[in-house]
Amino acid sequence: VGPTIDQILNGLATGVVYGLVAAGLSVLFKVLDTVNFAHGDFYVLGGVVAYVGATIVPLNPFLTLALAAIVVGGLGALLHLPLQRLLRTNPFNVLLATFAVSLGISNLVSFGFGGRAQPVPAIVEGALTLGPVVITYQRLIAAAVGLLAILVVALWLKTSKTGRSVRAVADNRTGAQILGIDTVRIDRLVFIISGACAGLAGAALAPVTQASPFGGLPVMVTAFVVLVIGGVGSVSGALLGGILLGVIEGLTAAILGAQWTSLVGYVLLIAALFLRPALERARANDRRSLA
Amino acid sequence: MNTHACKRVRAAGIGVIAITLSLIGCSGSTPSNTSATSTLKIGLIVPLTGPSAASGEHGKNGAQLAVDLANANNSLPGVHVELAIEDDKSTPETAVIAAQKLRNDGAQIITGTMNSSVAVALANALGSDTDALYLITGAQAQAPLDTQPGNNIFGLTYNNAQNADANLNWIKNVAKPKKIASVGENSDFGVNDLAQLNKYWGSGTPEIVLKETYDRTATDFSAILAKVRDSGADGLYVTAGSPTNAASIFTQADQLGLKVAKFMNAGLMNESLISAGGSHVEGLVSADTYNYSIDNAENKDFVKAFNDAYKKNPSGEEELGFDSVNLILQAAKKAGTTTDMAAVSSALKESTWNTPRGELTWDSTGRAHTAALIVGIKNGQIEIVDTVAKK
């Protein structure tokens, strides 16, 4: 029983961080109608900032988390600069360009890290023990940071003027332009928010998993699974999808074994891709019959 | 000064610079360069990127030192030794392409390899190529040596069975844990090591109370470690191909408050593990075939040369890298040829060599035999805990 409850809690905590990574990818996809393939590597860069902030230039760990969001968000803005024209003319080439950026980041980090993951000390060592259940403080911190960040992004999108502009561009880019919204600025802002989400998630989870140069692709795949489960463009959906995936992965590891967790992610992805259109058709039928 | 004088001074200056540069050029050449009449190209295929990059870098350091020393000492008179390095990225297909490239470039001797799956693929590619000699540096699987029609493949490190014999017997008879939880990577290497666990600990003490496997790309081991905690094990045995994974498991075990004796598969005790695991790998025990503090003349010379070159003590993988090139060069010298690989192979296999690891011999399959060490981490240093005689 102990390992199963442990894994539900661990899955909840990890799932929140998955949700944060997917939220960034989701917002960018909804607004720009394209995918940043370097998103997973932005997560890796968050881990790099955490490593530098913890070991090379010792900083307050919470300041390091903020710094990871700022630095990687800034890189998002930088990435937007050369992509501006492509976003308007050929979104497919954005995929190729960001894929190239992804390879570049992963190779650079690998070179800098000597081809291996680097340890990042926990912000708080030790674990919370509640009877048979044990969960590390670091994982709880990562979950709290992830949850807080998702809430901030969701509230900002819902209540602030700029956030409403982002939603307007996401819903109807041409209409938003007619209303005088600077869509290039919004695009840049979305790259920043998206990068900050990935960077913060990478920095929050690095003390649990180490900062690995090779973590980008697995995280990107996870974010896609969460995106498909939770729905594109929905921050709350990303959170719920992340938690669902985290808990299912945790239970799979506890019951079947850790080697099956990756497979479960892919099975969920395929299941969601098949089931989602049917669910949406059913909802549409319900709405028509109610009308 | 008039214009004519200026020109003469300038010409003289250029002359002085030219002579100086030519002298620098001469002094920069090693004696072997000037006297070399032929070049011996040795292909080194190691992972320089990917999850085993640290091991590859270690192998490269040792091999490069052996080449540099051979050239500086003119070990093969009239022959300049050249190391052609290829990155196998820990993938068999990349390694096979690298081997083909090296063979096309004229390299008859191929060494390196840190992953068993890569060694298997290269053995298939080079096993019937009787013009080639393939000396596997770090991969432990025995399979690459089992089928080799050309008798031209050698394995320098201990195989799984040799490691298990030293490591698992010592844990069973000296450390004496009562219950062991085994956590191993889901790979051919991990499966081989698990088979050895079943063989040595299949009955009696220690009792294997948990067998869990993980994907090599995994970074979160909380689910497995929760099971370890609930298994009641007093010993945790980790099988890992990369120090990063091993360090992650022991770090996360400590973070979860697991109080267990820590054991690990042989051959992975190195500075990368200590760097990645820090205090969490303190007290960890494993087997190895090398430690820089081994007391013999060859090792003292090797450690001094390594320190001069890299300003640090060599790891086991670095010593293996050194041996892989050094033994081939010694065998070539003994055979009196750098092109007849059958003669070099015979000279290598039929001789007893004094290496930094101690006396080294080869069995009929081409596997190296030396004494084994039981090593542990104490105060951030790898220390020899015990010695197991050569079999």
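Values in this document were obtained by computation on a predicted structure and should not be read as measured data. (Residues numbered from 1 in each chain as written. Chains lettered and ligands numbered in written order. Predicted model: local features only at pLDDT ≥ 70, side-chain atom pairs only at ≥ 80, totals over all residues. Heavy atoms only, no water.)

A look at the pattern of salt bridges
Under the definition given, this model contains 17 salt bridges over all chains. Here D165 of chain B makes a salt bridge to K391 of chain B, at a shortest N to O gap of 2.4 Å. One end of the pair, D165 of chain B, is in helix α7 (residues 160-175); the other, K391 of chain B, is in the segment after β15 (381-388), and 226 residues separate them in sequence. The salt bridge partner of D254 of chain B is K262 of chain B, with a shortest N-O separation of 3.2 Å. Accessibility expressed as a relative area gives 27% for D254 of chain B, which makes it partly exposed. A single network of salt bridges, built from pairs that share partners, joins D6 of chain A together with R229 and D230 of chain B. (Salt bridge = Lys/Arg side-chain N within 4 Å of Asp/Glu carboxyl O. Helix = DSSP H or I, 4+ residues; strand = E, 2+ residues; numbered from the N terminus. Buried < 20%, exposed > 50% of the residue type's maximum accessible area, 1.4 Å probe, protein only.)

Overview of the packing of aromatic side chains
This model, assessed by the stated rule, comprises 10 aromatic pairs over all chains. Considering the side-chain rings of F37 of chain A and F99 of chain A, the 6.0 Å spacing of their centres and the 80 degrees angle between planes classify their relative orientation as edge-to-face. Within this pair, whereas F37 of chain A is found in the loop between α1 (2-32) and α2 (39-56), its partner F99 of chain A is found in helix α4 (residues 91-112), the two being separated by 62 residues in sequence. Residue classification places F37 of chain A among the partly exposed residues on the basis of a relative accessible area of 30%. On the accessibility criterion, F99 of chain A (42% relative accessible area) is partly exposed. Pairing Y51 of chain A with F113 of chain A gives two aromatic rings, centres 5.1 Å apart and planes at 70 degrees, and the pair type is edge-to-face. Pair noted here: Y51 of chain A is in helix α2 and F113 of chain A is in the loop between α4 and β1 (127-130), with a separation of 62 residues, a long-range link. Of the two residues examined, Y51 of chain A and F113 of chain A, each falls in the buried class. A network of ring pairs unites the aromatic residues Y290, F302, F306, Y310 and F322 of chain B as a single cluster. Taking the ring centre of W353 of chain B as reference, the NZ or CZ of K334 of chain B above it sits at 5.6 Å. (Phe/Tyr/Trp six-rings, centres within 6.5 Å; stacked < 30°, edge-to-face > 60°. Lys NZ or Arg CZ within 6 Å of the ring centre and 35° of its normal.)

Some thoughts on the confidence of the model for chain A
Overall, the prediction assigns chain A a mean pLDDT of 89, with 97% of residues at 70 or greater. The lowest-confidence element of chain A is helix α11 (residues 261-290) of chain A, averaging 76 in pLDDT; the highest-confidence one is α2 of chain A, averaging 95. (pLDDT = per-residue confidence, 0-100.)

With respect to helix α3 (residues 61-89) of chain A
Residues and elements named next belong to chain A. Relative to the 42 Å expected for 29 residues at 1.5 Å per residue, α3 spans 42 Å between its end C-alpha atoms, a close match to the ideal helical length. The sharpest bend along α3 measures roughly 55 degrees and falls at L83. Those residues of α3 that fall on the buried side of the exposure criterion are T64, L65, A68, A69, V72, G73, G76, A77, L79, H80, L83 and L87. Between a side-chain oxygen at the N-terminus of α3 and the backbone nitrogen of F62 the separation is 2.7 Å; the capping residue is N60. (Expected span 1.5 Å × (residues − 1). Bend = angle between axes of the 7 residues up to and from the residue. Polar contact = N/O pair within 3.5 Å; in protein donor to acceptor, adjacent residues only side chain to side chain.)

Structural notes on the side chain of N291 of chain B
All names here are of chain B. Structurally, N291 can be placed in the loop between β10 (285-288) and α12 (297-310). Among the polar contacts listed, one links the side chain of N291 to the side chain of S293, at a separation of 2.6 Å. Polar contacts involving the side chain of N291 include one to the main-chain carbonyl oxygen of I382, which spans 3.3 Å. The contact partners of N291, leaving out residues within four places of it in the chain, are N299, L373, V375, I382, E383 and I384. (Contact = heavy atoms within 4.5 Å.)

Looking at the interface of chain A and chain B
On the chain B side, the residues contacting the 31 residues of chain A number 26 residues. At the boundary of chain A with chain B, total buried surface from both sides reaches about 2,300 Å², with 50% on carbon and sulfur atoms. The interface formed by chain A and chain B holds two salt bridges in total. Of the charged contacts, one joins R139 of chain A and D220 of chain B as a salt bridge, the two residues approaching to 2.8 Å between their closest N and O atoms. Put simply, chain A and chain B have nine residue pairs in polar contact (both at pLDDT 80 or more) between them. Elements represented by at least two residues in the side of chain A that touches chain B include exactly α1, β2 (133-136), α8 (183-209) and α10 (235-255) of chain A. (Buried area = accessible area lost by both parts, 1.4 Å probe.)

Here's the deal with the sheet that holds strand β3 (residues 109-112) of chain B
All names here are of chain B. Spatial ordering of the open sheet is given by β2-β1-β3-β4-β5, a layout of five strands whose pairing is parallel. What marks the edges here is a single partner per strand, and that holds for β2 (79-87) and β5 (153-155). With direction set aside, neighbouring strand axes in the sheet form an average angle of 20 degrees. Pairing geometry for strand β4 (residues 133-136) and β5, over three bridges, is parallel. The residue of β5 that forms the bridge with Y134 is I153. Strands in contact with helix α4 (residues 92-104) are β1 (38-46), β2 and β3; relative to β1, the strand with the most contacts, it is inclined by about 175 degrees. Strand contacts of helix α13 (residues 316-335): β1, β2, β3 and β4, with the helix running at about 155 degrees to β3, the strand carrying the most contacts. (Pairing = 2+ DSSP bridges. Axes fitted to C-alpha atoms, helices over the stretch in contact; angles between N-to-C directions.)

Considerations on the environment of A271 of chain A
Residues and elements named next belong to chain A. On the secondary structure map, A271 appears in helix α11. Take A271: its relative accessible area is 31%, and that puts it in the partly exposed class. In sequence terms A271 and A203 are 68 residues apart; their C-alpha atoms lie 31 Å from each other.

Points about the pairing of strand β7 (residues 207-214) of chain B
Residues and elements named next belong to chain B. Direction of pairing for strand β6 (residues 179-185) relative to β7: parallel, over a ladder of seven bridges. Residue pairing across strands places A181 opposite L210, the latter belonging to β7. Where the polypeptide runs from β6 across helix α8 (residues 188-201) and back to β7, its parallel neighbour, the crossover connection is right-handed. (Right-handed = clockwise from strand over helix to strand, strands pointing away.)

Focus: the side chain of S194 of chain A
Residues and elements named next belong to chain A. Relative to the helices and strands, S194 resides in helix α8. Under the relative-accessibility criterion, S194 is labelled buried at 2%. Setting aside residues no more than four positions away along its own chain, S194 makes contact with G24, L25, L28 and H39.

Re the sheet that holds strand β13 (residues 368-369) of chain B
Residue and element names in this part refer to chain B. Taken in spatial order, the three strands make up an open sheet running β11-β12-β13, and their pairing is antiparallel. Each of the sheet's edge strands pairs with one partner strand only, and the pair in question is β11 (353-355) and β13. Relative to strand β12 (residues 358-362), β11 runs antiparallel, the two being bridged by three bridges. By the bridge assignment, T355 is partnered in β12 with G358.

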